[in-house]
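# Structure at a glance
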Amino acid sequence: MTASLLAIELAYWQQTVLRSVGVLAAVLLLAGTLVYVFLFKMMSFMQSRLGPMEAGPYGSMQLLAEVGKWIQKEDIIPWRADRRLFAMAPYVVVLAVFLILAAVPFGPDAWFTDLDVGIFYVLAVSSISVLGILLAGWASANKYSLLGGLRAAGQLIAYELPMVLAVVGVVIQAGTLNMQGIVAAQADGEIFGFSGIGNPYIITQFVGFFIFLVSMQAELTQAPFDMPIAESELVSGYMTEYSGMRFLLFFIAEFASVGAFSAVAATLFLGGWALPGMDLDADYMNVVGPIVLLVKIMLVSFVVFWVRFTYPRFREDQLQQLAWKFLIPLSLVNILATMALKVAW
Amino acid sequence: MTVTERQQLAYVDAQAAEGRVNVELETDEGMVINLGPQHPATHGTLRITAKLDGEQVVWADVVPGYMHRGYEKLTEVRTYPQITTLVNRIDWLGSFANEVPFILAAERLMEIEAPPRARHIRTILFEMARIANIVLFLGDLGVQLGAVTPAFYAFRDREHVLDQIEAVTGGRFHPNFDRIGGLRDDLPKGWVADTKAVMARIRDFCDEVEALLFGNEIFQARTRGVGVIPPEVALSYGLTGANLRATGVDWDLRRDGDVGLAHREVDWRVWTHPDGDSFARCWVRLQETREATGIVDQLCDGLPGGPIMAKVPRIIKVPAGEAYVATENPLGVTGYYLVSKGDLGPFRVKIRSASFSNVSIVPWLLRGVYVPDIITILASLYFILGDIDR
Amino acid sequence: MAEIPTPKAPGLVKGLGVTLKTMAKTMFPSRGVRTLVPAPSQGAATVQYPHEKETPPPRARGVIALKEDNCTVCMLCARSCPDWCIYIEGHKATAPPRRPGGRPRTVNELDRFDIDYALCMYCGICVEVCPFDALFWSPEYEYSELRLADLLHDKERLGQWMETVPDFEPYEAGSEQKVRKVPR
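All values reported here derive from a predicted model rather than from experimental measurement. (Residues numbered from 1 in each chain as written. Chains lettered and ligands numbered in written order. Predicted model: local features only at pLDDT ≥ 70, side-chain atom pairs only at ≥ 80, totals over all residues. Heavy atoms only, no water.)

### Some points on the overall build of chain A
Scanning chain A from N- to C-terminus turns up 14 helices and zero strands. In chain A, the order of α-helices and β-strands from amino to carboxyl end is α-α-α-α-α-α-α-α-α-α-α-α-α-α. Radius of gyration (C-alpha) of chain A: 20 Å, near the 20 Å computed for a compact globule of 345 residues. Based on the C-alpha atoms only, the size of chain A along its principal axes is roughly 60 × 50 × 45 Å. Every one of the 345 residues in chain A was classed for burial, and the buried ones make up 58%. Only carbon and sulfur atoms are counted for the fraction: they give 71% of the accessible area of chain A, which is about 14300 Å². For chain A, the centre of its 17 positive side-chain charges and the centre of its 23 negative side-chain charges are spaced 12 Å apart. (Helix = DSSP H or I, 4+ residues; strand = E, 2+ residues; numbered from the N terminus. Rg over C-alpha atoms; globule rule 2.2 N^0.38 Å. Buried < 20%, exposed > 50% of the residue type's maximum accessible area, 1.4 Å probe, protein only. Areas by Shrake-Rupley, 256 points an atom, 1.4 Å probe, with all protein chains shown as cover. Lys, Arg positive; Asp, Glu negative; His and termini not counted. Charge placed at Lys NZ, Arg CZ, Asp CG, Glu CD.)

Take a look at the structure:
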């Protein structure tokens, strides 16, 4: 948020504090909304049931109750666990989510940071959560957690490549790594000369979108790629030994990262905070933009959770085969096709 | 493995099982994990010790017995009606099916035949027990493999079957309805029509599960070729039920046995599958559920009139003798070997439970499989702890 | 004989269709004018206990009721219970003769008839063996207590359950059973 937004001059440190609090609020609210709408309600409706209904009207206060419950639980650390790593792991995973969300623009002037290497930075920091998961798996001194952590490491590293390659197609078309630039390119662009709806890359980069969605599903360790948390085998995988506040952090990180990645996907493929036909520099877009982006986040998250609640999970080696033998070649072909078409048109 | 190493591991197992410090023996070959008695994957308190090399199983062993309730000892000090109610709880999901072979064995010793109406209703409830059991298996299959949604559909549609069983017998899970000579009571008015509607719902559920699970490429990738059992091995381990039919052996006691149920009077088929892998086992059970709904429909249509109970004395004393009756229960072949000395209760009852034999193949089957495949195999073999441990 | 099914649409897509359809049916169960009003409370299979309650069928084995007048303290129910959860005490008493000029009769009088529902298996053997129609099933199920000892229902409480016992239902066509009557 630049100073001109509030029409008062803020010192740099004041801006930083505001932005930090803003990111915190964004992450928590996003996680809370996604948990309520998708985990409590959409999953329940897909399973012919109602979900939580007692805590608050239609169960809206359930998350608050659960947060309160987890906070007041006893802090248990296994006696053979590495205490410092054990304590550090949830924070590392949550950190990754903050860092991703900090680079996503919500409006023409409503952003936390506007980096020139926006999307490059986002893809880079998304791998910090892998470290956190590995830490959790190792530090738990539990064989199941170790198995889960190792599986997660292999899976997350394998699926970063298709994600990066899918984004390359977008970057080629937009011509910039800057997130605001990508939004502008989609709003102002044309599809083969037709400029009515701009150029949302979901239409022209549909292969890239598909690859990005699949890789996103794997990066978020959601079914069908949730081997690391395979509930029926490893209880909770790397999260098994975590209880109370630490588990709450993992939980928030899981859903906030769904939101963060959906925000990135919405920005890259659905047009971000802009809608075709809207004035991109107007001041009111700083209010309308976040709302538009939220709607798009919900759309992408809906697809993510829809797939999660429907499919069984892949086995680890099948997962790796899918990444290396199918997604990466496909994304390379996608890049080649994008380059050819970009040059030809 | 050398003998001493096996003894070492057995000692460690015994120590850990007594609840003392869980000593892990880290050998060079691999890590020993415990799919312990409390685990989401095992349907109850079954313990599987597996030695892993990375993600592959080198050696596995099954440790049952955590749920042993002493049924065979209990039957020595109970009367026949009391035993009928107790054996409901052996295979608690298809509970009416447990009563049937026991009652049939007693009827064989008494040389009584239940009237045709009782036979038909017995068969209807027997098949409904099969449906209730296998529908839950189909739901649980999804959960074991990661798909959470089919489980809820299974419970939702199974409720209707349980409602029908409750409308007749008074109990959803433990009917306690079979009696020597017939059944306890007759059907209430309107039951037949309601049951046929419920069977239609179960068929819809089977279609839903087929679309959601069986047609799913991920499910097929997880289950095809996993846990293949050749038919000779299956027969030598005593596998029965859908597990055996999924290896290609065409054997079903409902058609091939000669017990007092009404299966011979209706039109149905036995489903087999040549592959013998996990997909085959699950698929055979799905088809059997559909077939069972057809059997129930036909039996409901052709329900004969008549008494519900043969002429039996008030106080039943089964004459001395021995009889073994086995039926094709939802889990496999369940048999009761009844030894009577002419008292109010039996002298000895030996229960041949299907899951105990089905689970005996697990050590052979789990060699060389990956850890996730352990879950797939256990889920597809389908056992119920009450049936293993009795 | 095996017919391996070949799905017409890719299974992945069909599966998504099933869950979406269920979600739509749960959220929008109504037909007609109110089609687009989300009403998940009606569409879902959940019965929101204790706000809504399900009625079990009349034969449901909820609780056992005692008709004290019919009980002759024959002890058959207590003997046949698999858990021995029925506690009966009675004494012999002399009752006046049935007709004037007859001799006095010895009858059993019931002192104590307790059923311990903490032990009861709800099997119904006691109800079945009673030769004098003194025990009946009632579908009532809401009698949870805070103390385990309160689950021991005495004579008076068991008599109160008689009010909740439903009449016996008529039978399906083809049955030769006679419908019994509940003594009120």
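### Quick word on the interface of chain C and chain B
In this complex, chain C contributes 41 residues to the contact, which on the side of chain B involves 50 residues. In total, about 3700 Å² of surface goes out of reach between chain C and chain B, with carbon and sulfur atoms giving 51% of it. Seen at the junction of chain C and chain B, the total is two salt bridges. Put simply, R59(C) and D185(B) hold a salt bridge, and the shortest N to O gap is 3.8 Å. (Contact = heavy atoms within 4.5 Å. Buried area = accessible area lost by both parts, 1.4 Å probe. Salt bridge = Lys/Arg side-chain N within 4 Å of Asp/Glu carboxyl O.)

### Considerations on the pairing of strand β1 (residues 63-66) of chain C
All names here are of chain C. Side-chain alternation along β1 places V63 and A65 on one buried face and I64 and L66 on a second face that is also buried. The sheet contact formed by β1 and strand β4 (residues 135-138) spans four bridges and is antiparallel. Note that in β4 the partner of L66 across the bridge is L135. (Pairing = 2+ DSSP bridges.)

### As for a nonpolar patch on the surface
A cluster of nonpolar side chains, namely V287(A), I291(A), V295(A) and L299(A), defines an oily patch on the protein surface of about 390 Å² accessible area. Judged by relative accessible area, V287(A) falls into the exposed class, the value being 56%. (Patch = residues over 30% accessible without salt bridge, like charges linked within 9 Å, V, L, I, M, F, W, Y side chains within 5 Å.)

### Remarks on the packing of aromatic side chains
All names here are of chain A. Summed over all chains, the structure comprises 29 aromatic pairs over all chains. Relative to F225, the ring of Y159 lies with its centre 5.2 Å away and its plane at 55 degrees, an arrangement referred to as tilted. With Y159 in helix α7 (residues 143-174) and F225 in the loop between α10 (206-219) and α11 (231-234), this residue pair connects regions lying 66 residues apart in the sequence. Taken together, the ring pairs connect F38, W70, F247, F251, F255, F302, F305, W306 and F309 into an aromatic cluster. (Phe/Tyr/Trp six-rings, centres within 6.5 Å; stacked < 30°, edge-to-face > 60°.)

### A word on the interface of chain B and chain A
Each partner contributes residues to the interface: chain B has 37 residues there, and chain A has 23 residues. Buried area between chain B and chain A, both sides added, is near 2500 Å², and the carbon and sulfur share of it is 60%. Broken down residue by residue, the surface that chain B buries against chain A is led by F152(B), I218(B) and R222(B), which jointly contribute 20%. On inspection of chain B and its partner chain A, the count reaches one salt bridge. For the pair chain B and chain A, the interface holds seven residue pairs in polar contact (both at pLDDT 80 or more). For the side of chain B that touches chain A, the secondary-structure elements that each account for two or more residues are β1 (31-35), α5 (116-145), α6 (149-169), α7 (191-214), α8 (217-223) and α15 (371-381) of chain B. Ranked by residue count, the leading element in the side of chain B that touches chain A is β1(B), at five residues. By residue class, the composition of the side of chain B that touches chain A is 23 nonpolar, eight polar and six charged. (Polar contact = N/O pair within 3.5 Å; in protein donor to acceptor, adjacent residues only side chain to side chain. Nonpolar A, V, L, I, M, F, W, Y, C, P; charged D, E, K, R; others polar.)

### Some details on the sheet that holds strand β6 (residues 321-329) of chain B
All names here are of chain B. Strands sit in the order β6-β7-β8 across an open sheet of three strands; the sheet is antiparallel. Each having just a single partner strand, β6 and β8 (348-352) make up the two edges of the open sheet. For this sheet, the mean inter-axis angle between neighbouring strands, taken without regard to orientation, is 10 degrees. Relative to strand β7 (residues 332-340), β6 is paired through nine bridges, and the arrangement is antiparallel. What sits directly across from G321, in β7, is S340. (Axes fitted to C-alpha atoms, helices over the stretch in contact; angles between N-to-C directions.)

### Some details on the nonpolar core
Core analysis: the largest hydrophobic core is formed by 112 residues, its most contacted members being I119(A), Y159(A), F212(A), M216(A) and L268(A). For this core, the element with the highest residue contribution is helix α12 (residues 244-270) of chain A, accounting for 18 residues. In terms of nonpolar packing, the next biggest core, distinct from the first, is built from 96 residues, L93(B), F126(B), C206(B) and A246(B) among them. (Core = buried A, V, L, I, M, F, W, Y, C linked by side-chain atoms within 4.5 Å.)

### Details of the sheet that holds β1(B)
All names here are of chain B. Taken in spatial order, the three strands of this open sheet run β1-β2-β3, and their pairing is antiparallel. Looking along the sheet, the strands with just one partner apiece sit at the ends: β1 and β3 (56-63). Sheet twist, expressed as the mean angle between neighbouring strand axes with direction ignored, is 20 degrees. The pairing of β1 with strand β2 (residues 47-53) spans five bridges and is antiparallel.

### Quick look at empty space enclosed by the protein
Residues and elements named next belong to chain A. A full pass over the atoms with the stated rule returns seven cavities of 30 Å³ or more. In this structure, the largest cavity encloses a volume near 210 Å³. Lining the largest cavity are 18 residues, with V93, S129, E219, A253 and S257 sitting closest to its centre. Of all the elements in the fold, those that place two or more residues in the lining of the largest cavity are α4 (83-102), α6 (128-139) and α12. Its residues assigned to classes, the lining of the largest cavity shows twelve nonpolar, four polar and two charged. Of the voids in this model, the second largest cavity is the one considered here, and its volume is about 100 Å³. (1 Å grid on protein atoms, 1.4 Å probe; cavity = no way out; pocket = protein on both sides within 12 Å on 5 of 7 lines; lining within 4 Å. Points joined across faces, edges and corners; volume = space filled by probe spheres on them.)

### Let's talk about helix α3 (residues 80-87) of chain B
A large share of α3(B) lies buried, amounting to seven of its eight residues. Taken together, the buried positions of α3(B) are Y80(B), Q82(B), I83(B), T84(B), T85(B), L86(B) and V87(B). At its buried positions, α3(B) is contacted by α2 (71-74), α4 (96-110), β4 (178-179) and β7 of chain B together with α3 (76-80) and α4 (125-129) of chain C.

### What about the side chain of S129(A)?
Residues and elements named next belong to chain A. Tracing the chain through its elements places S129 in helix α6. We classify S129 as buried; its relative accessible area is 16%. Once residues lying within four places of it in the same chain are set aside, the contact partners of S129 are V93 and A96.

### Looking at the environment of I375(B)
Of note, I375(B) is situated in helix α15. Linking I375(B) and Y324(B), residues 51 residues apart in sequence, is a C-alpha distance of 34 Å.

### Focus: helix α5 (residues 118-125) of chain A
Among all positions of α5(A), only G118(A), I119(A), V122(A), L123(A) and V125(A) are buried. For α5(A), the secondary structure elements touched by its buried residues are α4, α6, α7, α8 (179-188) and α12 of chain A.

### Concerning unusual backbone geometry
Cis rather than trans, the peptide bond between Y49(C) and P50(C) has omega equal to 0 degrees. The residue P50(C) is located in the loop between α2 (40-43) and β1 in this model.

### So, the confidence of the model for chain C
In this model, chain C carries an average pLDDT of 85, and 92% of its residues clear a pLDDT of 70 or more. The complex prediction reports pTM at 0.87, with the ipTM value standing at 0.86. (pLDDT = per-residue confidence, 0-100.)

### Some words on the pairing of β7(B)
Residues and elements named next belong to chain B. Most of β7 sits inside the fold, with eight of its nine residues counted as buried. The loop that links β6 with its antiparallel partner β7 comprises two residues. Examined bridge by bridge, β7 and β8 share five bridges and lie antiparallel to one another. Residue pairing across strands places Y337 opposite K350, the latter belonging to β8.

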